Protein chains: 2
Amino acid sequence: MNTEKTKGLSTDPYKGVRDFYPEDMFILNYIFGVMRKTVEKFGYQEYSASILEPTELYKAKSGEEIINEQTYSFKDRGDRDVTLRPEMTPTVTRMVAARKRELVFPLRWYSIPNLFRYEKPQRGRLREHYQLNVDLFGVVSNDAEVEIIALAHQIMRQFGAQEDNFIIRVNNRKTINYILEEVFTLDPHQAYKALKLIDKKDKMTPAEFKEKATEFFKKRTQFFLDLLNAKTIEDMTEVAIAEGSTEILGTKEVTDVMHRLKLMGVKNAVFDPTLARGFDYYTGVVFEVFDTSPDNPRALFGGGRFDDLLSVFGSDKVPAFGFGMGDVTIRDYLETYNLLPEIRSKTDIMLCLLDDSVHIFADTFAQKLRREQLNVAIDMSGKKVGQQIENANKSKIPYIIVIGEDEIKNSQFKLKNLESGKEIVLPSEKDIADIILKTPEQQ
Amino acid sequence: MNTEKTKGLSTDPYKGVRDFYPEDMFILNYIFGVMRKTVEKFGYQEYSASILEPTELYKAKSGEEIINEQTYSFKDRGDRDVTLRPEMTPTVTRMVAARKRELVFPLRWYSIPNLFRYEKPQRGRLREHYQLNVDLFGVVSNDAEVEIIALAHQIMRQFGAQEDNFIIRVNNRKTINYILEEVFTLDPHQAYKALKLIDKKDKMTPAEFKEKATEFFKKRTQFFLDLLNAKTIEDMTEVAIAEGSTEILGTKEVTDVMHRLKLMGVKNAVFDPTLARGFDYYTGVVFEVFDTSPDNPRALFGGGRFDDLLSVFGSDKVPAFGFGMGDVTIRDYLETYNLLPEIRSKTDIMLCLLDDSVHIFADTFAQKLRREQLNVAIDMSGKKVGQQIENANKSKIPYIIVIGEDEIKNSQFKLKNLESGKEIVLPSEKDIADIILKTPEQQ
């Protein structure tokens, strides 16, 4: 046993959550920055809310599994049932319902909330993660699908992902529902269970899936599998007609969306009839962005249409289409494809002090440099200058200036670039700012 | 009873927390932006952590009242005691202790966490708020006090506060402790209770305070009050010596800090022997920024030195000085002094569509404008153009372009500034970007 630990409280964070040290925060801020910049290009406005929500908010539509087994829920001291939000969609829907009359539709909203799930911690599935949520409210037509999926595609491109390193799978809940309820005439309860089975298809072998499917589709199981295995909408229609069925509902919408996405330069969208998406509240087109890596094929994020969600607030329907993109999965993806930027400090200069007598000068000198828009720290360690420089380097600060009596007397300061080793003597803080702020990599 | 509400779930947020609609988020992001920019000027690096912490983290040092009555604490499904963090200092101390050997000191860290307190909601005291936390670890000398207080002052100035609209009160826990334990020879338990009384001084009348003080100081109560009423360190020393005591411990430090702050341009720092600050963990200089408004004099935020906090982790002492600045109080202050910026959309242009046939053109045209770094939304409402323009205006979007068949045919687009009413006809997205991005108020 580690003797350090027996001496006091543990320094570990709570199980399944993360501490963000500055280098972690740099990466998180990079990811948030790309997300923000891209969604704002498309005219989306940021909103936010508390992580605390009344538990009843999730009872209506999130899916039974999530509420019963996977949420942090507790009673507050006023005996209210409170839940730490496991997803943002119920919150944003609540906010839209609350001000439905004043808000200007179509409404383009985004947020990057932290979300909580009480699950066994594992790769890519922590108990707390961040998730970009993008929603377009008030658009009935496929214009919403086209814009949002193009936006999701654009975020991936802005992260540096190549088009052959991810695909966008598109399906329609109407299509699945039509197949289950009309083609195979399952009752709503059976159809719901079959939908959940389709959603878990990737987690089992084809044989297992077929066996479980047989419980629902009996002798017509092969027909069902043939429909799901269709690679294109034409294939699916052909299979359906061959078995005496008609064209499948909802496929025309998907065809239209994919056509318009192509016009917008999205070349990697494909139809996937097996795509279900977990949440119960989807009512139309759903999509999922998928990592095409042969080593680790997996869903990165996705979303869909949810036209009915406002009804739980007694409000009229508001058509909505949106998606959520988690930080953990996307960070793994960016790491895999080597797309994360190199970590560097936001501090431009460390002032290293030859001795403590120059500290008062350094205080005011730093203030002048800050007025020139530079980020400036002062080494207060009292260590030898060599050690101070080493520490600046270790902290990934790009420039240092050593300050001693001579520098102050002559008003000449040697700016040293720690990466290149180059030194340049400069008389004023304005000259120093010019050098640093004009270096292209510092922009 | 409102019939709307009986039809469904309530759209209210959980009691005592806030929803942030885009206009609220604009203000919050403005406040965070000024905080970030200023602390980064001083070389501080951002860190973060989960809001979930083991409850035991707070038992050691936060102060009894906070743990027993004011936290959100619950047992998780694994029977662990969990608390929603009520303050950030225990978390940051935990993180520093965990990596004490690898971290480069002095360490300049900041974060803007959300914090939770289970209190009766009232003005400026919500159950969840955000708080800038700034900490400097590893500096024993008053260099830390000088830098951090100058930084706090600079944030106020960056918000536009005038120096006569706030003052910075400075005191020393060593001074209070010396007065209580040495001058008046209270035992540690009595001294702790007397400190809490001093902390609550502003919440009672002078007569009430005197009455309660008499319990501790008996016949020497007037001497105690005279010490607390000293307006300067010289006054206090004079009072002490007149009563046969010696110079008070810790006052020289305060004198030094205030002298150096003046050299850095901080003119509104004053000595205040009544300043205690709530938390138990302070060990040296404490300060508080105070609104000087005669209508509503009140503490805005503050901080102090906490050199002993790492010891609860079995770690060696690490000197530390820091402060926390809440978003609710500062927002009230900025409102009072009319210092909040005007709300505007981050979207530069709304494309208004004459009819739906131009939508496919608008999709690609918007993409081109986005490539020129403009934030562009498309009106998908299908409403009349006049209504679309009105909605853009209501959403505080500065520019619109109406797109119809003619505009597409002639490749001539009329950019309209909704504030000035000016229109200018431009042939390409590059010209449009030049106009918008060069407008000074859009920078």
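Numbering of residues starts from 1 in each chain and follows the order in which that chain's sequence is written. For this description, chains carry letters from A and ligands carry numbers from 1, given in the order in which they are written. Local features are withheld for residues below a pLDDT of 70 in this predicted model, meaning they are given only at 70 or higher, and side-chain atom pairs are given and counted only at 80 or more; totals for whole chains, interfaces and linings count all residues. The basis for every side-chain value is the complete set of non-hydrogen atoms in the structure, without hydrogens or water.

> Just to check I follow, could you spell out the sheet that holds strand β18 (residues 413–417) of chain A for this structure?
Pairing between the strands of a sheet comes from backbone hydrogen bonds, and it takes one of two forms, parallel or antiparallel. Residue and element names in this part refer to chain A. Spatially, β16-β15-β17-β18-β19 is the arrangement adopted by the five strands of the open sheet, whose pairing is mixed. On the outer flanks of this sheet lie β16 (376–378) and β19 (423–426), each paired with one strand and no other. Sheet twist, expressed as the mean angle between neighbouring strand axes with direction ignored, is 25°. Inspection of the sheet shows strand β15 (residues 349–353) paired to β16 by three bridges, in the parallel sense. Across the sheet, the residue bridging to Met-350 is Ala-377, located in β16. Two strands qualify as a pair provided DSSP detects at least 2 bridges between them. Only DSSP runs of H or I reaching four residues or more are called helices, and only runs of E reaching two or more are called strands; each is numbered from the N terminus. Orientation is described by axes fitted as lines to C-alpha atoms, over the contacting stretch for helices, and by angles from 0 to 180 degrees between their N-to-C directions.

> Where do I start with the pairing of strand β18 (residues 413–417) of chain B in this structure?
Along any regular strand the residues' side chains alternate between the sheet's two faces. All names here are of chain B. When accessible area is computed with a 1.4 Å probe and restricted to protein chains, residues below 20% of their type maximum are described as buried, those above 50% as exposed, and intermediate ones as partly exposed. Here β18 shows a buried face lined by Phe-413, Leu-415 and Asn-417 and an unburied face lined by Lys-414 and Lys-416. Sheet analysis places strand β17 (residues 399–403) next to β18, joined by three bridges and oriented antiparallel. Among the inter-strand pairings, Tyr-399 is bridged to a residue of β18, identified as Asn-417. In this sheet, strand β19 (residues 423–426) lies alongside β18 in antiparallel orientation, the contact comprising four bridges. If you follow Leu-415 over to β19, its bridge partner there is Ile-424. Hairpin connection, β18 to β19: the antiparallel pair is bridged by five residues, and Gly-421 has positive phi, about 80°.

> It is not clear to me how the packing of helix α10 (residues 221–228) of chain B against helix α11 (residues 233–242) of chain B should be interpreted in this structure. Could you clarify?
Helices that pack against each other are described as a pair by the angle of their axes relative to one another and the distance between those axes. Residues and elements named next belong to chain B. Between α10 and α11, the shortest axis-to-axis distance is 8 Å and the interhelical angle comes to 160°. Considered as vectors, α10 and α11 are oriented roughly antiparallel to each other. Crossing angle aside, the handedness with which α10 passes α11 is left-handed. Mapping the contact onto sequence places Phe-223, Asp-226 and Leu-227 in α10 and Met-236, Val-239 and Ala-240 in α11. The nonpolar class holds Ala, Val, Leu, Ile, Met, Phe, Trp, Tyr, Cys and Pro. Asp, Glu, Lys and Arg form the charged class, and all remaining residues, Gly among them, are polar. For the contact of α10 with α11, a count of residues per class yields five nonpolar, no polar and one charged. Any angle that falls under 35 degrees is termed roughly parallel, while one over 145 is termed roughly antiparallel, one within 65 to 115 roughly perpendicular, and all others oblique. Each crossing gets its hand from how the near helix is turned against the far one by less than a right angle, where anticlockwise is left-handed and clockwise is right-handed. In this analysis, two residues are considered to be in contact whenever any of their non-hydrogen atoms come within 4.5 Å of each other.

> Looking at this structure, how should I read the pattern of salt bridges?
When the charged atoms of two side chains lie near each other, side chains of opposite charge can form a pair. By convention in these notes, a salt bridge is any Lys or Arg side-chain nitrogen within 4 Å of a carboxyl oxygen on Asp or Glu. Following the criterion strictly, the structure yields 46 salt bridges over all chains and no others. In this structure, Arg-169 of chain A engages Asp-272 of chain A in a salt bridge whose closest nitrogen and oxygen atoms are separated by 3.4 Å. You can see Arg-169 of chain A sitting in strand β10 (residues 166–172) and its partner Asp-272 of chain A sitting in the loop between β11 (269–271) and β12 (285–291), a full 103 residues away along the chain. For the pair shown, Arg-169 of chain A and Asp-272 of chain A are each scored as buried. Put simply, Arg-108 of chain B and Glu-147 of chain B hold a salt bridge, and the shortest N to O gap is 2.7 Å.

> So what exactly am I meant to see when it comes to the packing of aromatic side chains here?
Any pair of aromatic rings gets described here by the distance separating the centres and the angle formed by the planes. Each Phe, Tyr or Trp ring (for Trp, its six-membered ring) is paired with any other whose centre lies within 6.5 Å, and the angle between the two planes then decides the class: stacked below 30 degrees, edge-to-face above 60, tilted in between. Scanning the entire structure with this criterion turns up 49 aromatic pairs over all chains. Counting every residue linked through ring pairs, the aromatic cluster contains Tyr-14, Tyr-72, Phe-74 and Tyr-118 of chain A together with Tyr-14, Tyr-72, Phe-74 and Tyr-118 of chain B. Cation over ring: Arg-99 of chain B sits above Tyr-21 of chain A, and NZ or CZ is 3.6 Å from the ring centre. Note on criteria: charge over ring means Lys NZ or Arg CZ within 6 Å of the ring centre, with the direction from the centre no more than 35 degrees off the ring normal.

> Would you mind going over the relation of the copies chain A and chain B with me for this structure?
What connects the two chain copies is a rotation about an axis and a shift along it. Copy-to-copy alignment: least squares on C-alpha atoms, limited to residues at pLDDT 70 or above in both. With an RMSD of 0.0 Å, the fit of chain A onto chain B corresponds to turning through 180° and sliding 0.0 Å along the axis. Viewed as a symmetry operation, the transformation between the two copies matches a two-fold axis. By C-alpha distance to the rotation axis, the residue of chain A lying nearest is Phe-74 of chain A, at 3.4 Å. In this assembly, 99% of the residues forming the interface of chain A have copies in chain B that are likewise at the interface, indicating an isologous arrangement.

> How should the interface of chain A and chain B be read in this particular structure?
Often the size quoted for an interface is simply the accessible area lost on bringing the parts together. Taken together, the contact pairs 103 residues of chain A with 102 residues of chain B. Buried surface area refers to the total accessible area, computed with a probe of radius 1.4 Å, that the two partners give up upon joining, counted for both partners together. Contact between chain A and chain B buries roughly 8700 Å² in total, counting both sides, with carbon and sulfur atoms accounting for 54%. Scanning the region where chain A abuts chain B turns up eight salt bridges. Put simply, Asp-19 of chain A and Arg-94 of chain B hold a salt bridge, and the shortest N to O gap is 2.8 Å. Polar contact criterion, stated in full: a pair of N or O atoms within 3.5 Å, where within protein one must be able to donate a hydrogen and the other to accept it, and residues adjacent in sequence count only if both atoms are side-chain atoms. Summed over the shared surface of chain A and chain B, the number is 46 residue pairs in polar contact (both at pLDDT 80 or more). Of the residues forming the side of chain A that touches chain B, the biggest block, seven residues, is contributed by helix α2 (residues 22–41) of chain A.

> Just to check I follow, could you spell out the side chain of Glu-40 of chain A for this structure?
In this fold, Glu-40 of chain A is placed in helix α2. Under the relative-accessibility criterion, Glu-40 of chain A is labelled buried at 10%. Discounting residues that sit within four places of it in the chain, Glu-40 of chain A has contacts with Tyr-110 of chain A together with Lys-346, Asn-375 and Val-376 of chain B.

> Help me understand the sheet that holds strand β6 (residues 81–84) of chain B, please; the structure alone is not making it clear to me.
Residue and element names in this part refer to chain B. What the three strands build is an open sheet, ordered β4-β6-β5; its pairing is antiparallel. The open sheet has two free edges, formed respectively by β4 (52–54) and β5 (72–75), since each of these has just one partner strand. Taken pair by pair, the neighbouring strands of this sheet meet at an average axis angle of 35°, ignoring direction. Here β5 pairs with β6 via four bridges, running antiparallel. Looking at β6, one finds that Tyr-72 is bridged to Leu-84.

> Looking at this structure, I do not really get the nonpolar core. What am I missing?
As a rule of thumb, soluble globular proteins bury nonpolar side chains together. One finds Leu-351 and Ile-432 of chain A together with Phe-224 of chain B to be the most contacted residues of the largest nonpolar core, which totals 101 residues. Only buried residues count toward a nonpolar core. Its members are Ala, Val, Leu, Ile, Met, Phe, Trp, Tyr and Cys residues joined through side-chain atoms within 4.5 Å. Tyr-44, Val-146, Ala-152 and Phe-159 of chain A belong to the second-largest nonpolar core, a separate cluster that totals 100 residues.

> Even after reading the chapter, I still don't get the environment of Phe-313 of chain A, so can you show me in this structure?
As for its placement among the helices and strands, Phe-313 of chain A is situated in the loop between β13 (298–305) and β14 (320–326). Each C-alpha atom of the pair Phe-313 of chain A and Arg-94 of chain A lies 7.3 Å from the other, and the pair is 219 residues apart in sequence.

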